[in-house]
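A closer look at the structure
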Amino acid sequence: MIDLTKHDFTSLSVKDLLDAREAYHVHLAHLQSVYATAIGRYLIRDNDRNATERKAHSKPQALGPRTLFNSSVKDWSWPCILVFVRDWMKRSELKNHPEKQDQLVPPFLYLPDGRVVPTCVVKVDPNEGSPGTVDPPVFRSDLVGGGFPVQTMIQGKIHRGSIGCLVTNGETVFALSNRHVVGAAGREIFAGFKNTDRRLGVSDALQLGKRAFSEVYPGWPGSRVVANLDAGLIRVDDVKGWTAQVYGVGQVGDVVDLNVGTFRLDIINQPLIAFGATSGLMKGKILGLFYRYKTVGGMEYVSDFVIGPRDGDTPLNNYPGDSGTVWFVDDPDAKKNASGARILSPLALEWGGQELFGSSGKVPMQVALGICMSTLCRELDVELIGDWNAGHTEYWGEWGHVKIGAYATGLIDAKLPKLATMMDANSDNIGLDDKLLADLKPHQRGTFSPLADVADLVWRFTRHTDESNHFADMDKPGRDGKTLLDLCAEFDAQRRSEGLERLLRRDRRGPARRAAVPGLADFRRDGRVRRRQQEAGVRVRRGHRRTLHRRCLPAAAHLAIPPWPRSERQGARQGAQRVRDHDDRPPRQGSHQDDP
């Protein structure tokens, strides 16, 4: 005899699930505890026997509330409607309060044509307060790419967001982000890193907002559904200062082409990776599709993707300022460019996020809300750019400071054995060797910084007089194709300081600033060595021991310096005296001191 109560749900499609949610729209909207819905695959609780055995099941009343913290998708999970509720009702509670029966979420949704769709109820406690803050990563390069921060001024308030990637309409190059990040057409967009006065471009008139779901995905049900396509374009001022790569992720490959014919439930649990301007590197996975995050005036507002943590040990760490971030399919076997960075396929553009607590209410789970990238490319009529100024490592930037710092520690004269020993013992505190540079990650504020990079990574953000300065891009060629080292080599030993000043005034490295090399002019006037050493973070103590000033190293790491022999100290003092004698001469006309 055929058992009509048993069903095989494995063949249900995306359209089947959307049909069921549309048919039960009014019913679910009247349930007071329902917070949001999505389509996806059944979440099996960790303490359920079904989590390890395909055909085994535990009694529901013995398992407790299902949350995003204690459940996951398995290979045998059913396609279903995910129903997120604020309150979890126990059977004993229903016995004592029978009037609450009509607030139960039905376990199955029955359609007139005989299709049956299961529901998966998940308890969440939305965080109605403001999310926490985090120190953003420090970007060491002037070459702008995906993941870098941008900012605009709106009504006297600074708005920050992330750059997604570069796109083009065949004529103009744009940077893709969110509409709420770039603002109205014509608004100036500035860099949110290093020199924040640097203009990157202006907001273009071509933008996307909310659209009828049935227009975005023709053939799918959704007469009362609105799709949020929050996308905006930045018309780039100078494309030479940009790269198509995404910082911390790699090179942009072909977009994942998802539409009404290719959207499948197989992408649930797909690992993703992204780099946000505030949160840095993020790793997650797809929790659900077409997430209904609010209902207003009888209309449902949906986001194409809801992205959650990859596992319990890897939180998403998604914070305000990440809007505009592109999420990529995290394929470990993806092809790599010449520098070893992976070439990954973009899937979604993040536009917002939420924090959801579990049943314990202690630690929130952060989720990101994303828009399908192939949909945005179609609606904006643009194509992704993957090869412009590419070929970098995943974390690109000027490494000259720490490279030279590490190299210099090995150049101490053999006649100064104790100094050579001290510098060699502290080489990791001064610079980085080639092995570490090959896997260099972005610097997080408050963490240890090598001495050679303190000016760029620490003082820039803690000393306002150094905020817009950059010591010297040793490894960055100018318009003439020469680096700073190349140009300095053209001057003889007596005129090397003059050549450095002339170089710093060149327009290719920004407006001339005497502070570009702090204390250079003052040092040439009267050789105030001790005060300049103190401003550089080195405290010279009397006696036989000196240590690095604490403010130089956030991690309070110290350079322990052994005592110098008397002869070496005398030689150093005599050298300083020779510098003072040489630089006490009046400056030549047209020198650095005569600059306006």
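Residues numbered from 1 in each chain as written. Predicted model: local features only at pLDDT ≥ 70, side-chain atom pairs only at ≥ 80, totals over all residues. Heavy atoms only, no water.

1. Section: the overall build of the protein chain
Short version of the rule: Helix and strand assignments follow DSSP, with helices taken as H or I runs no shorter than four residues and strands as E runs no shorter than two, numbered in order from the N terminus. We call a residue buried when its accessible area falls under 20% of the maximum for its residue type, exposed when it is over 50%, and partly exposed in between, using a 1.4 Å probe and counting protein chains only. Here a residue-residue contact requires only that any non-hydrogen atoms of the pair lie within 4.5 Å.
The helix and strand tally for the protein chain stands at 16 helices and 27 strands. Residues counted as buried form 48% of the 596 residues belonging to the protein chain. Put simply, of all contacts in the protein chain between residues at least 6 apart along the chain, 68% involve residues at least 24 apart.

2. Re empty space enclosed by the protein
The following threshold applies: Cavities and pockets are found on a 1 Å grid laid over the protein atoms alone: a cavity is a set of points where a 1.4 Å probe fits but cannot escape, a pocket is an open set with protein on both sides within 12 Å along at least five of seven lines, and a lining residue has an atom within 4 Å of such a point. Grid points are joined across faces, edges and corners, and a volume is the space filled by probe spheres set on the points. Think of it as three bins: nonpolar holds Ala, Val, Leu, Ile, Met, Phe, Trp, Tyr, Cys and Pro, charged holds Asp, Glu, Lys and Arg, and polar takes everything else, Gly as well.
Applying the stated rule across the entire model yields four cavities of 30 Å³ or more. Within this model, the second largest cavity holds a volume of roughly 60 Å³. In terms of lining, the second largest cavity is formed by L18, R21, E22, F213, P221, V225 and E300. Tallying contributions element by element places helix α1 (residues 14–23) first for the lining of the second largest cavity, with three residues. Here the lining of the second largest cavity is built from residues that sort into four nonpolar, no polar and three charged.

3. Remarks on the pattern of salt bridges
Where we set the bar: Salt-bridge detection follows one rule: a side-chain nitrogen of Lys or Arg within 4 Å of a carboxyl oxygen of Asp or Glu.
Within the structure shown, the criterion is met by 15 salt bridges. Linking R199 and E188 is a salt bridge whose minimum nitrogen-to-oxygen distance equals 3.1 Å. A residue pair is termed long-range when its members are at least 10 positions apart, and R199 in strand β15 (residues 199–212) and E188 in strand β14 (residues 188–191) qualify at eleven residues. A relative accessible area of 37% means that E188 is categorised as partly exposed. In this structure, the salt-bridge partner of D330 is R342, at a minimum N-O distance of 2.9 Å. Here D330 is found in the loop between β22 (326–329) and β23 (343–344), whereas its partner R342 is found in the loop between β22 and β23, with twelve residues between them in sequence. D330 gets classed as buried once you look at its relative accessible area, which sits at 12%. Overall, R342 belongs to the buried group, its relative accessible area being 13%. Via salt bridges that share partners, K15, D16, D19, D113 and R115 belong to a single interconnected network.

4. Here we look at the pairing of strand β10 (residues 149–154)
Cut-off, in case you're wondering: Two strands qualify as a pair provided DSSP detects at least 2 bridges between them.
Across the six residues of β10, five count as buried, placing the element largely inside the fold. Pairing geometry for β10 and strand β11 (residues 157–162), over six bridges, is antiparallel. Its bridge partner being in β11, V150 is matched across the sheet by G161. Connecting β10 to the next strand, β11, in antiparallel fashion are two residues, including Q155 with a positive phi near 55°. By the bridge criterion, two bridges tie β10 to β14 in an arrangement that is antiparallel. Paired with Q151 across the strands is F190, a residue of β14.

5. Comments concerning the pairing of β15
Here β14 pairs with β15 via three bridges, running antiparallel. Directly across from F190, in β15, lies its bridge partner R199. Pairing geometry for β15 and strand β16 (residues 225–236), over eight bridges, is antiparallel. For S203, the partnering residue across the bridge sits in β16 and is I234.

6. What about the environment of V302?
If you trace the backbone, V302 turns up in strand β21 (residues 299–309). Separated by 76 residues in sequence, V302 and V226 have C-alpha atoms that sit 6.2 Å apart. In this view, V302 contacts R21, F213, V225, V226, A227, N228, F290, Y291, R292 and Y293; residues no more than four positions away in its chain are not counted.

7. Digging into the environment of A205
Relative to the helices and strands, A205 is located in strand β15. Owing to a relative accessible area of 64%, A205 belongs among the exposed residues under this scheme. Spatially, the C-alpha atoms of A205 and R187 are 9.9 Å apart, while their sequence positions differ by 18 residues.

8. Observations concerning the side chain of D48
Threshold: For the charge count, each Lys or Arg is scored as positive and each Asp or Glu as negative, with His and the chain ends excluded. Within 3.5 Å is the distance limit for a polar contact, defined as a pair of N or O atoms, with the added protein rule that one can donate a hydrogen and the other accept it, and that residues adjacent in sequence qualify only through two side-chain atoms.
With respect to the element layout, D48 can be found in the loop between β2 (43–45) and β3 (71–73). There is no salt bridge for the buried D48, and the closest opposite charge comes from R45, which lies 5.3 Å off by N-O distance. At 3.0 Å, the side chain of D48 forms a polar contact with the backbone nitrogen of N50. Other than its neighbours up to four places away in sequence, D48 contacts H57, S58 and L63.

9. As for the packing of aromatic side chains
Operational definition: Paired rings are identified among Phe, Tyr and Trp, the last through its six-membered ring, by centres lying within 6.5 Å, and are further divided according to the angle between planes into stacked (under 30 degrees), edge-to-face (over 60) and tilted (the rest). A ring has a charge above it when a Lys NZ or an Arg CZ is no more than 6 Å from the ring centre and no more than 35 degrees off the ring normal.
Throughout the structure, instances matching the rule amount to 17 aromatic pairs. Judged by centre distance (5.6 Å) and plane angle (80°), the ring pair of W220 and F290 falls under edge-to-face. One end of the pair, W220, is in the loop between α5 (213–216) and β16; the other, F290, is in strand β20 (residues 280–296), and 70 residues separate them in sequence. Sitting above the plane of the Y301 ring, K294 keeps its charged end 4.8 Å from the centroid.

10. Section: helix α6 (residues 373–380)
Within α6, six of the eight residues are buried, which leaves it mostly tucked inside the rest of the structure. Those residues of α6 that sit buried are M373, S374, T375, L376, C377 and L380. Just downstream of α6 lies D381, where phi reads positive at about 60°.

11. Quick notes on the layout of surface pockets
Roughly 1600 Å³ of internal volume is contained in the second largest pocket. What lines the second largest pocket is a set of 48 residues, and nearest its centre among them are Y42, R45, P60, R66 and T119. A class-by-class count of the residues in the lining of the second largest pocket yields 23 nonpolar, twelve polar and 13 charged.

12. Side note on the state of the cysteines
Short version of the rule: Note that a disulfide, as used here, is simply two cysteine sulfur atoms within 2.5 Å.
Counted under the stated rule, the structure contains zero disulfides. Unpaired in terms of disulfides, C377 finds its nearest cysteine sulfur in C165, a separation of 7.2 Å.

13. Overview of the nonpolar core
Counted only if it meets this: Nonpolar core, defined: a set of buried Ala, Val, Leu, Ile, Met, Phe, Trp, Tyr and Cys residues in which side-chain atoms within 4.5 Å join the residues together.
Residues F263, L289, F290 and F305 are the most contacted members of the largest nonpolar core, which totals 115 residues. Top element by residues in this core is β16. It accounts for eight residues.

14. Some words on the confidence of the model for the protein chain
To be explicit about the condition: As a per-residue quantity, pLDDT reports the predictor's confidence and falls between 0 and 100.
Of all residues in the protein chain, 67% have pLDDT values of 70 or greater, and the mean over the chain is 76. In the predicted structure, residues 506–566 sits below a pLDDT of 50 and forms 126 contacts with residues beyond four places in sequence or in another chain.

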